[in-house]
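Next come the chains, spelled out residue by residue.
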Amino acid sequence: MALKRMDNVGIVVEDLDVAISFFAELGLELEGRAMIEGEWAGRVTGLGNQRVESAMMRTPDGHSRLELSRFLTPPVVADHRNAPVNASSLPTRHVCRGRPRRDARPAPQARRRA
């Protein structure tokens, strides 16, 4: 089976500016940068009081995104092999797939039987 679509890939990096430059050289376009922090962000990741500098880059076809994150708080764990599962470590990454179209989903009664 071949990959048909990839909506979002996330990578934790040590230097956000260098990472943005690297991926820009590959043809990705910077969509924006933001600081992610506060109670909500800490609950989502389980890292508590976090502060993350983030940049979103778009592929040339406009269909996929690359999310680059640099953790300011908590500090990055250099050797992730002994770190807790929710610890920020390099490289940390995730891949997300978009939700299928509503008309492509099975009917509610079909989902219950499965």
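Scroll up a little and you will see the structure.
A brief structural summary. This structure is a prediction, so every number in the text was calculated from the model and none was measured.

## A short note on the overall build of the protein
Part 1 of the reasoning: Check the secondary structure of the protein and you find three helices and five strands.
Part 2 of the reasoning: The order of helices and strands in the protein, counted from the N terminus, is β-α-β-α-β-β-β-α.
Part 3 of the reasoning: Residue burial in the protein is summarised as follows: out of 114 residues, 25% are buried.
Part 4 of the reasoning: Pairs at least 24 apart in sequence give 56% of the contacts found in the protein among residues at least 6 apart.

## Re the packing of aromatic side chains
Part 1 of the reasoning: Enumeration over the complete set of coordinates arrives at one aromatic pair.
Part 2 of the reasoning: Between Phe-22 and Phe-23, the ring centres sit 4.9 Å apart and the planes meet at 85°, which makes this aromatic pair edge-to-face.
Part 3 of the reasoning: Judged by relative accessible area, which is 49%, Phe-22 ranks as partly exposed.
Part 4 of the reasoning: Exposure remark for Phe-23: the relative accessible area of 18% places this residue in the buried category.

## Concerning helix α1 (residues 16-25)
Note that an α-helix has 3.6 residues per turn; residues three or four places apart therefore point the same way.
Part 1 of the reasoning: For α1, the full list of buried residues reads Leu-16, Ala-19, Ile-20 and Phe-23. End-on view of α1: buried residues confined to an arc of 100°, all on one side of the axis. Projecting away from the buried face of α1 at angles above 90 degrees are the exposed residues Val-18 and Glu-25.
Part 2 of the reasoning: For α1, the N-terminal cap is Asp-15; the gap from its side-chain oxygen to the backbone nitrogen of Asp-17 is 3.1 Å.
Part 3 of the reasoning: Positive phi shows up at Gly-27, right after α1, with a value of about 110°.

## Examining the side chain of Glu-53
Part 1 of the reasoning: Along the polypeptide, Glu-53 turns up in strand β3 (residues 51-58).
Part 2 of the reasoning: Look at Glu-53 and you get buried, because its relative accessible area is 17%.
Part 3 of the reasoning: A polar contact is formed between the side chain of Glu-53 and the side chain of Arg-33, at a distance of 2.7 Å.
Part 4 of the reasoning: Apart from residues no more than four positions distant in its own chain, Glu-53 is found in contact with Leu-16, Arg-33, Ala-34, Met-35, Leu-68, Ser-69 and Arg-70.

## Some points on the side chain of Gln-50
Part 1 of the reasoning: Its location among the elements puts Gln-50 in the loop between α2 (39-45) and β3.
Part 2 of the reasoning: Classification of Gln-50 by relative accessible area gives buried; the value is 4%.

## Notes on a nonpolar patch on the surface
Part 1 of the reasoning: There is a patch of nonpolar side chains on the surface, built from Ile-36, Trp-40 and Val-44 and spanning about 320 Å² of accessible area.
Part 2 of the reasoning: When you line up the elements, Ile-36 lands in strand β2 (residues 29-37).

Quick notes on the rules
- Residues numbered from 1 in each chain as written.
- Predicted model: local features only at pLDDT ≥ 70, side-chain atom pairs only at ≥ 80, totals over all residues.
- Heavy atoms only, no water.
- Helix = DSSP H or I, 4+ residues; strand = E, 2+ residues; numbered from the N terminus.
- Buried < 20%, exposed > 50% of the residue type's maximum accessible area, 1.4 Å probe, protein only.
- Contact = heavy atoms within 4.5 Å.
- Phe/Tyr/Trp six-rings, centres within 6.5 Å; stacked < 30°, edge-to-face > 60°.
- Arc of directions from axis to C-beta.
- Polar contact = N/O pair within 3.5 Å; in protein donor to acceptor, adjacent residues only side chain to side chain.
- Patch = residues over 30% accessible without salt bridge, like charges linked within 9 Å, V, L, I, M, F, W, Y side chains within 5 Å.
- Areas by Shrake-Rupley, 256 points an atom, 1.4 Å probe, with all protein chains shown as cover.
- Salt bridge = Lys/Arg side-chain N within 4 Å of Asp/Glu carboxyl O.

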